[in-house]
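# Structure assessment
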Amino acid sequence: MRRVIAIALAGASLGGCSSMSWDMFKSAPPTVQVRLESSPPGADATTSLGPGCKTPCSVSVPAPDAPFTVAFALAKYQPANVPVNVIKNPGDFTTPASVTTDPNPVFAELQPATPPKPVRKPHRPKKPKPAAAAAPVDAAQTAASPFPDPNAGKR
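Residues numbered from 1 in each chain as written. Predicted model: local features only at pLDDT ≥ 70, side-chain atom pairs only at ≥ 80, totals over all residues. Heavy atoms only, no water.

### Focus: the overall build of the protein chain
To keep it simple, the criterion reads: Secondary structure elements are defined from DSSP: runs of H or I of at least 4 residues count as helices, runs of E of at least 2 residues count as strands, and each element is numbered from the N terminus. Burial classes follow relative accessibility: with a 1.4 Å probe on protein chains only, a residue under 20% of its type's maximum area counts as buried, one over 50% as exposed, and anything between as partly exposed. Any two residues whose heavy atoms approach within 4.5 Å at even a single point are treated as in contact. The accessible surface values rely on the Shrake-Rupley method and a 1.4 Å probe; as for residues, cover is taken only from the protein chains in view.
Looking only at helices and strands, the protein chain features three helices and eight strands. Secondary structure elements of the protein chain occur, N-terminal to C-terminal, as α-β-β-β-β-β-β-β-β-α-α. Counting over 155 residues, the protein chain shows a buried share of 15%. Partitioning the contacts of the protein chain with sequence separation of at least 6, the portion at a separation of at least 24 is 49%. As presented, the protein chain carries roughly 12700 Å² of accessible surface, and 62% of it is formed by carbon and sulfur atoms.

### Structural notes on the state of the cysteines
What counts here: Count a disulfide wherever a pair of cysteine sulfur atoms falls within 2.5 Å.
Scanning the entire structure with this criterion turns up one disulfide. There is a disulfide in this structure between C53 and C57, and the S-S distance comes to 1.7 Å. The disulfide joining C53 to C57 has a torsion of about 60 degrees about its S-S bond and is therefore right-handed. Judged by its relative accessible area of 21%, C53 falls in the partly exposed class. Among the residues examined, C57 registers a relative accessible area of 10% and is labelled buried.

### Side note on the pairing of strand 7 (residues 98-102)
Quick note on the threshold: When DSSP locates at least two bridges between a pair of strands, those strands are taken to pair.
By the alternation rule, side chains of strand 7 split into V99 and T101, which are all buried, and S98, T100 and D102, of which none is buried. When strand 6 (residues 80-89) meets strand 7, the two strands line up antiparallel, connected through five bridges. Along strand 7, the bridge assignment pairs V86 with T101.

### Remarks on the sheet that holds strand 2 (residues 44-47)
What counts is decided by this rule: Axes here refer to lines fitted to C-alpha atoms; in helices the fit is confined to the stretch in contact. Angles between the N-to-C directions go from 0 to 180 degrees.
Pairing is antiparallel across the open sheet formed by five strands, whose spatial order is 3-2-5-6-7. Either end of the sheet is taken by a strand with one partner, and the two such strands are strand 3 (52-54) and strand 7. Strand-to-strand twist across the sheet, computed as the mean angle between neighbouring axes with direction ignored, equals 20 degrees. Bridge count for strand 5 (residues 68-73) against strand 6 is five bridges, and the pairing is antiparallel. When the bridges of strand 6 are listed, V70 appears paired with V82.

### Brief notes about the nonpolar core
What counts here: The set of buried Ala, Val, Leu, Ile, Met, Phe, Trp, Tyr and Cys residues whose side-chain atoms join them within 4.5 Å is what this entry labels a nonpolar core.
Formed by 19 residues in total, the largest nonpolar core has its most connected members in V34, L36, F68, V70, F72 and V106. Setting aside residues up to four positions removed in sequence, V34 forms contacts with C57, S58, V59, V61, F68, T101, N104 and V106.

### Quick word on the pattern of salt bridges
Put simply, the rule is: Should a side-chain nitrogen of Lys or Arg be within 4 Å of a carboxyl oxygen of Asp or Glu, the pair is scored as a salt bridge.
This structure, assessed with the given rule, holds three salt bridges. A salt bridge links K54 to D44; its shortest N-O distance comes to 3.0 Å. Separated by ten residues along the polypeptide, K54 in strand 3 and D44 in strand 2 bring together distant segments of the chain. Using a relative accessible area of 40% as the deciding quantity, one classes D44 as partly exposed.

### Here we look at the sheet that holds strand 4 (residues 57-62)
As summarised here, the arrangement of the three strands in space is 4-1-8, forming an open sheet in which the pairing is mixed. Of all strands in the sheet, those bounded by a partner on one side alone are strand 4 and strand 8 (106-109). Averaged over neighbouring strand pairs, the angle between their axes works out to 25 degrees when direction is ignored. Here strand 1 (residues 31-39) runs beside strand 4; their pairing, made up of six bridges, is antiparallel. Bridged to V32 within strand 4 is V61.

### Let's talk about the side chain of T47
What counts here: For the purposes of these results, a polar contact is taken to be a pair of N or O atoms within 3.5 Å, where, inside protein, one atom must be able to donate a hydrogen and its partner to accept one; residues adjacent in sequence count only when each atom of the pair is a side-chain atom.
Residue placement: T47 occurs in strand 2. Of note is the side chain of T47, whose polar atom sits 2.8 Å from the backbone oxygen of P51. Here T47 is in contact with V59, V61, F68, T69 and V70, once residues within four sequence places are set aside.

Shown next as structure tokens:
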């Protein structure tokens, strides 16, 4: 009976080895969590690695070997690009390897887009009004006039 149990255990353990893959010993490529913020908030932030979101937000990007950029865009504001450096710490026997970014959070201060300046017309001096049109005519002036009143006979 002991032999049957030993053979069954040996068979089960060898069966488990056949389904094992060496891929499980490989580590997944490291990712970096990057916080994206802007002033004013609500800007579309897109990394040069692909992922993006609306600020304030956080994206997970695969750890690159070189620096990357984050582009910020918002209507009525000038776009901005912020470079991001990647810092890899190899680790040792007591600490695992890590990847960080500088700066984190990535922040952009968006400047308002300047509206086009209105086209100013050249200044022209106003023409003086004629004196006869400028002075109102009253009844006292017409009575003292040497000319007869044309409407006087029609009444």
